[in-house]
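# Reading the structure
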Amino acid sequence: MKTPVTVLGLGAMGTALARAFLAAGHPTTVWNRTAGRSPELDDLGVIRARSVVDAVVASPLVVVCLLDDTSVRSTLQPAASELSRRTLVNLTNGTPEQARRGLDWAAQHGVQYLDGGIMAVPVMIGGPAAFILYSGSAEAFEQHRDDLAVLGRPTYVGADAGLAALQDLALLSAMYGMFGGVAHALAMVSSEKLSPTAFTDDLLVPWLTAMLGSVTRLAKDLEYGAESGAAGSNLAMQAAAFGNFIDASEAQGVDPMVLRPIHSLLDRAVAEGHGDEDLAVLVRLLAKN
């Protein structure tokens, strides 16, 4: 028999988690503040608990996926004693410090604790592209690795409970930075009634794909130092050209709010004497703040 699992929270992601556990044959108990949420799970054999306490006592593995850290704390506190000797996996988006406080709270109540960062949207859960970062109790991770694998590739990143949240937010920051640039690019071409689909398929996606190769080099330059003269497009040149992005955007009636912080960072790098260096310098400037 597969490990019984409890899922607390039936938002879009919590529902996807419960569905994946059910599809893999895990007896799955769910609880949601609003009773009857996600009725499609009933046909899959889900067990609905009337209270958080009932849900917790039903399974040795409890997965929580709620709105925020405050809702996690208020939900779990009434079931603190029942969680003792169980494994709690918190997949609610949060900060590293919130995760570390969660580990401390769990330790006080005899709970094995893992914090997680889901690198997937709900429709990807249970599929080959999904992966989830975990940090906290190595023992709990090894015990439930196979159970958690039904959600997505489980990746353990360390005993410090905050490391999964840190890397989750870092990855999402990169994603939103990309989407911000994409939104600006599409606003620019749309200002001339060009086809956003043709622009994206023929030009934008190939260009971004080609630029991804420079991300690896940037990371290596940051960790090991750049070779002398390695800057292919030095920051002084990039800063000088960046004003054109702002001017052209405004001329096309596009708000350059996404670009201005990058412009300021480039100008700062040049002003501080880094004009002949490459983009890895920007990471060091950001880390000083």
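Scroll up to find the structure this text is about.
Predicted model only: the values in this text are computed from it and were never measured.

## Here we look at the pattern of salt bridges
For the structure shown, the criterion picks out 11 salt bridges. Measuring nitrogen to oxygen at the nearest pair gives 3.4 Å for the salt bridge that ties Arg 217 to Asp 221. Of this pair, Arg 217 and Asp 221 both sit in helix α8 (residues 196-224), 4 residues apart, which is roughly one turn of the helix. The exposure class of Arg 217 is partly exposed, given its relative accessible area of 37%. Look at Asp 221 and you get buried, because its relative accessible area is 12%. Residue Glu 277 is joined to Arg 284 by a salt bridge in which the shortest nitrogen-to-oxygen separation is 3.3 Å.

## Some thoughts on empty space enclosed by the protein
Empty space among the atoms becomes apparent when a probe as large as a water molecule is rolled across them. The tally for this structure, following the rule as stated, stands at 1 cavity of 30 Å³ or more. By volume, the largest cavity is sized at about 60 Å³. Lining the largest cavity, in full, are Asp 69, Asn 90, Thr 92, Asn 93, Gly 94, Thr 95, Gln 98, Ala 99, Tyr 113 and Asp 115. The set of elements that each furnish at least two residues to the lining of the largest cavity consists of α5 (96-108) and β6 (112-119). Partitioned by chemical class, the residues of the lining of the largest cavity number 2 nonpolar, 6 polar and 2 charged.

Rules used throughout
Residues numbered from 1 in each chain as written. Predicted model: local features only at pLDDT ≥ 70, side-chain atom pairs only at ≥ 80, totals over all residues. Heavy atoms only, no water. Salt bridge = Lys/Arg side-chain N within 4 Å of Asp/Glu carboxyl O. Helix = DSSP H or I, 4+ residues; strand = E, 2+ residues; numbered from the N terminus. Buried < 20%, exposed > 50% of the residue type's maximum accessible area, 1.4 Å probe, protein only. 1 Å grid on protein atoms, 1.4 Å probe; cavity = no way out; pocket = protein on both sides within 12 Å on 5 of 7 lines; lining within 4 Å. Points joined across faces, edges and corners; volume = space filled by probe spheres on them. Nonpolar A, V, L, I, M, F, W, Y, C, P; charged D, E, K, R; others polar.

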